[in-house]
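Coordinate analysis (summary)
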Amino acid sequence: MRAEPNIVVLTGAGMSAESGVPTFRGADGLWEGHHIEMVASPEGFARDPELVHRFYNLRRAALNTVEPNAGHHALARLEREWRGRFLLVTQNVDDLHERAGSEKLIHMHGELRKARCECCGAVMAWNKDLASGTRCRACGEIGGLRPHIVWFGEFPFEMETIMNVLKNADIFLCIGTSGVVYPAAGFAKEAARNPACRLVEFNIESTEISRQFRERVIGPVSVELPKFVEQLLTDTHRQAWLK
């Protein structure tokens, strides 16, 4: 392992759930009687754009009711104080990591508070509602704006960058993810190609990929992650001092 190990972190829905971020998806997999694919796919958007916009407008508005939890703040601290390379990859589309102070961050599934124009390709910050009649601030066209979200059938963002950093990871932390959504569910195997990589899973229960991890921490992320980060930083600082 390098003197200043590289850390890659993956966070999933369990990270935001502890802040009270609503899923908008019922136990039956439906939203207001609609299959989730109807509001999270290019086909659904082409069929009923107003339905899709309403779904994401509600999700965007809900961000005003939640705050980062102690787990978000622990990762921001880890980024600030870690001496090696650090990258946080999140499956979440909220902005809680940013609000906690994270900067070295990739939203592989997009961001609720951004819109993308299918006419000119511009991506812009967006905190208000979207509708079919909304005009693009970049090109002026009407009807081309969509949520900057990766839908079913679309390829996640910045995958080449993510796979490259995973190859060089010395520590891989997988936090609050179900382990069933690919390609993120395959990140642990990718990191494990380095036999010296420390793989740690944080979750409230076992997942589909738990057996791939050499260490597992079961419990609330907002409780367990700050303790882990404190210990990791303490051990690293102590080793640096002894040198």
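In this text, all values refer to a predicted model and were calculated from it rather than measured experimentally. (Residues numbered from 1 in each chain as written. Predicted model: local features only at pLDDT ≥ 70, side-chain atom pairs only at ≥ 80, totals over all residues. Heavy atoms only, no water.)

A separate point is the overall build of the protein chain. Counting secondary structure elements, the protein chain contains eight helices and 11 strands. For 243 residues, the compact-globule formula gives about 18 Å, and the C-alpha radius of gyration of the protein chain, at 19 Å, lands near that figure. With the C-alpha coordinates aligned to their principal axes, the bounding extent of the protein chain is approximately 65 × 40 × 35 Å. Burial analysis of the protein chain (243 residues in total) assigns 50% to the buried set. In the form shown here, the protein chain has an accessible surface area of approximately 12,000 Å², with 51% of it arising from carbon and sulfur atoms. Positive and negative charge centroids in the protein chain, built from 29 and 31 side chains respectively, lie 4 Å apart. (Helix = DSSP H or I, 4+ residues; strand = E, 2+ residues; numbered from the N terminus. Rg over C-alpha atoms; globule rule 2.2 N^0.38 Å. Buried < 20%, exposed > 50% of the residue type's maximum accessible area, 1.4 Å probe, protein only. Areas by Shrake-Rupley, 256 points an atom, 1.4 Å probe, with all protein chains shown as cover. Lys, Arg positive; Asp, Glu negative; His and termini not counted. Charge placed at Lys NZ, Arg CZ, Asp CG, Glu CD.)

This part is about the pairing of strand E4 (residues 86–90). Each regular strand shows side chains that alternate between the opposite faces of the sheet. A large share of E4 lies buried, amounting to five of its five residues. By the alternation rule, side chains of E4 split into Phe 86, Leu 88 and Thr 90 and Leu 87 and Val 89, which are all buried. With five bridges joining them, strand E1 (residues 7–11) and E4 adopt parallel strand pairing. Looking at E4, one finds that Val 9 is bridged to Leu 88. Note that E4 and strand E5 (residues 105–107) share three bridges and pair parallel. Bridge pairing links Val 89 to Ile 106 in E5. (Pairing = 2+ DSSP bridges.)

This paragraph deals with the packing of aromatic side chains. One pass over the structure, following the stated rule, counts five aromatic pairs. Centroid distance Phe 45 to Trp 151: 5.3 Å. Interplanar angle 45°. Geometry classified as tilted. Here the residue Phe 45 occupies a position in helix H2 (residues 42–47), and Trp 151 occupies one in the loop between strand E8 (145–149) and helix H6 (159–167), the gap between them amounting to 106 residues. Judged by relative accessible area, Trp 151 falls into the buried class, the value being 3%. (Phe/Tyr/Trp six-rings, centres within 6.5 Å; stacked < 30°, edge-to-face > 60°.)

Taken in spatial order, the six strands line up as E5-E4-E1-E9-E10-E11 in an open sheet, and their pairing is parallel. With partners counted over all chains shown, the strands left at the sheet margins are E5 and strand E11 (215–218), one partner each. Taking the axes of each pair of neighbouring strands and ignoring which way they run, one obtains an average angle of 15° across the sheet. In the sheet, E1 pairs with strand E9 (residues 171–175) via five bridges, with the strands oriented parallel. Along E9, the bridge assignment pairs Thr 11 with Ile 175. Those strands touched by helix H4 (residues 70–81) are E1, E4 and E9, and its axis lies near 155° from that of E4. (Axes fitted to C-alpha atoms, helices over the stretch in contact; angles between N-to-C directions. Contact = heavy atoms within 4.5 Å.)

In the UniProt entry, the feature "binding site: substrate" (unreviewed entry) is given for Tyr 56 and Arg 59. Considering the arrangement of structural elements, one finds Tyr 56 in helix H3 (residues 49–62). Once residues lying within four places of it in the same chain are set aside, the contact partners of Tyr 56 are Val 39, Ala 40, Leu 112, Pro 147, Ile 149 and Trp 151. Structurally, Arg 59 can be placed in helix H3. When near neighbours in sequence (up to four residues on either side) are disregarded, Arg 59 contacts Phe 24, Val 93 and Leu 112. (UniProt positions renumbered as here; feature names shortened; annotations may be inferred.)

Quick look at the sheet that holds strand E6 (residues 110–117) now. Spatial strand order, E7-E6-E8: three strands in an open sheet with antiparallel pairing. One side of each edge strand has no neighbouring strand; the edge strands of this open sheet are strand E7 (123–125) and E8. Looking at each pair of strands side by side, their axes are set apart by 45° on average, direction ignored. Pairing of E6 with E8, which is carried by five bridges, proceeds in the antiparallel orientation. Looking across to E8, one finds that Ala 115 is bridged to Pro 147. Contacts between H3 and the sheet are confined to E6 and E8, with E8 contributing the most and set at about 55° to the helix.

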